[in-house]
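For reference, the chains in residue letters:
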Amino acid sequence: MATTTGAAWRQMEEHTLPSGKVARLRKPDVFALATSDGVPDFFTQQVLAGLKGHEAKLPTAEEMGPEDLRQLGQLLDLFTRACFGEPVIVDKPEAEMGEHEIGIQHVEIMDKLYVYQWAMGGEESRAAQSFL
């Protein structure tokens with residue numbers, strides 16, 4: 001039996017995002033992201049619910065306070081960075097970015113929500129629309 005190639009481990013999928021832009025995405029290690037420092041409690045609860053076989057959803061804007069909203073932004077950025085394979089998200093001045101590099105600030109909120117829902121196995125457009 002042959003081992004799985006590195007290319008298969010790094011497999012990405014092409015997605016047309018809500019903005020109309022196209023990106024190649026890879027599924028992240030959700031457990032590693034969930035155990036990262038600074039991850040909001042609502043996300044940890046979402047992961048725990050999923051592990052228990054329950055449906056877990058992002059809280060709605062009405063259910064969130066200002067701190068939750070700030071943490072949601074950080075969580076969406078974390079997932080977007082982890083999922084984007086092409087273009088690559090980098091932390092450097094725009095003038096130094098290559099043709100296939102962008103900053104996290106270049107990704108629109110609806111695209112970040114789509115990526116998050118896709119990474120978590122949810123229905124992207126419905127979940128994103130119910131949040132905003």
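One can find the structure itself at the top, above this paragraph.
Overview of the structure. (Residues numbered from 1 in each chain as written. Predicted model: local features only at pLDDT ≥ 70, side-chain atom pairs only at ≥ 80, totals over all residues. Heavy atoms only, no water.)

Looking at the pattern of salt bridges
Here comes step 1: Under the defined criterion, the tally for this structure stands at 6 salt bridges.
Here comes step 2: When the shortest N-O distance is used, the salt bridge between E86 and R24 registers 3.5 Å. Taken together, the residues E86 in strand 3 (residues 84–86) and R24 in strand 2 (residues 22–25) connect sequence positions 62 residues apart.
Here comes step 3: Where D77 meets K112, a salt bridge forms, and the shortest distance between an N and an O atom there is 2.6 Å. Highlighted residues: D77 in helix 4 (residues 66–83) and K112 in helix 5 (residues 109–119), separated in sequence by 35 residues.
Here comes step 4: You can call D77 partly exposed: its relative accessible area is 22%.
Here comes step 5: For K112, a relative accessible area of 11% gives the class buried. (Salt bridge = Lys/Arg side-chain N within 4 Å of Asp/Glu carboxyl O. Helix = DSSP H or I, 4+ residues; strand = E, 2+ residues; numbered from the N terminus. Buried < 20%, exposed > 50% of the residue type's maximum accessible area, 1.4 Å probe, protein only.)

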